[in-house]
Amino acid sequence: PDYDFNYAFGLIASNTARRVLIFGDVPALPIAKTPSNTLVKSFVYNTYQANGNFDFINKISPDGDYETRRIAIENNVQNVIRANDYSDRFRFVELASYFLVNDGSGNQHLQIVDPYNGRLVYKDFGHLNVDGAARLEQLFRKEIFDQKLC
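In this text the structure is predicted, and so the values were computed from the model without any measurement.

Caption draft 1: Quick look at the nonpolar core. If you look at the biggest cluster of nonpolar residues, it comprises 23 residues, and the most contacted ones within it are L29, V40, V44, L110, I112 and Y122. At three residues, the largest contribution of residues to this core is made by helix 2 (residues 39-51). For I112, the contacting residues outside a window of four places in its chain are L29, V44, I57, I60, R119, L120, V121 and Y122. Counting residues in hydrophobic clusters, the runner-up holds twelve residues, among them F5, I22, I81 and Y86.

Caption draft 2: The packing of aromatic side chains, seen in detail. Scanning the entire structure with this criterion turns up ten aromatic pairs. Considering the side-chain rings of F43 and F56, the 6.2 Å spacing of their centres and the 90° angle between planes classify their relative orientation as edge-to-face. Remark: F56 occurs in the loop between helix 2 and helix 3 (64-83) and F43 occurs in helix 2; sequence separation between them is 13 residues. A ring pair is formed by Y48 and F54, whose centres lie 4.3 Å apart and whose planes are at 15°; its orientation type is stacked. The partly exposed category is assigned to Y48, whose relative accessible area is 29%. Site record: aromatic cluster; members linked through ring pairs are Y3, F5, F9, Y86 and F90. K33 extends its terminal NZ or CZ atom over the ring of Y66, reaching a point 5.0 Å from the ring centre. The residue whose ring lies beneath R69 is Y66, and the NZ or CZ to ring-centre distance is 4.8 Å.

Thresholds, definitions, all that
Residues numbered from 1 in each chain as written. Predicted model: local features only at pLDDT ≥ 70, side-chain atom pairs only at ≥ 80, totals over all residues. Heavy atoms only, no water. Core = buried A, V, L, I, M, F, W, Y, C linked by side-chain atoms within 4.5 Å. Buried < 20%, exposed > 50% of the residue type's maximum accessible area, 1.4 Å probe, protein only. Helix = DSSP H or I, 4+ residues; strand = E, 2+ residues; numbered from the N terminus. Contact = heavy atoms within 4.5 Å. Phe/Tyr/Trp six-rings, centres within 6.5 Å; stacked < 30°, edge-to-face > 60°. Lys NZ or Arg CZ within 6 Å of the ring centre and 35° of its normal.

So, in structure tokens, the structure goes:
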């Protein structure tokens, strides 16, 4: 949250970069904050064992502290772009909405299972696995290569 985006973006703008894309972050899960390839699988399995069902999987809220920080940083990035009139070269692309679902009563829950293939999309608290990355492929193709979305 204390990162100086004014300085960083000014440095980039003063060089030859014609177009800069800044991608937002994905929401973090409320589990241990350690990198792992199997942490989410273990979390799901252990919670299933404790509950006897998978009902919890559609009711997981993003980690509150990480969510507050993510939103503040993303707002800061967007404010620096606007304040310095970098909008012709710099663009912020939000990603969180690809992993959040509204429950109908104003709350957002993480969508950690892909609704199309039924597989987990996170591998740990804040890193995606291959299926999670695939969820963003069309967006990346649109933003980076200006391809049409399917």
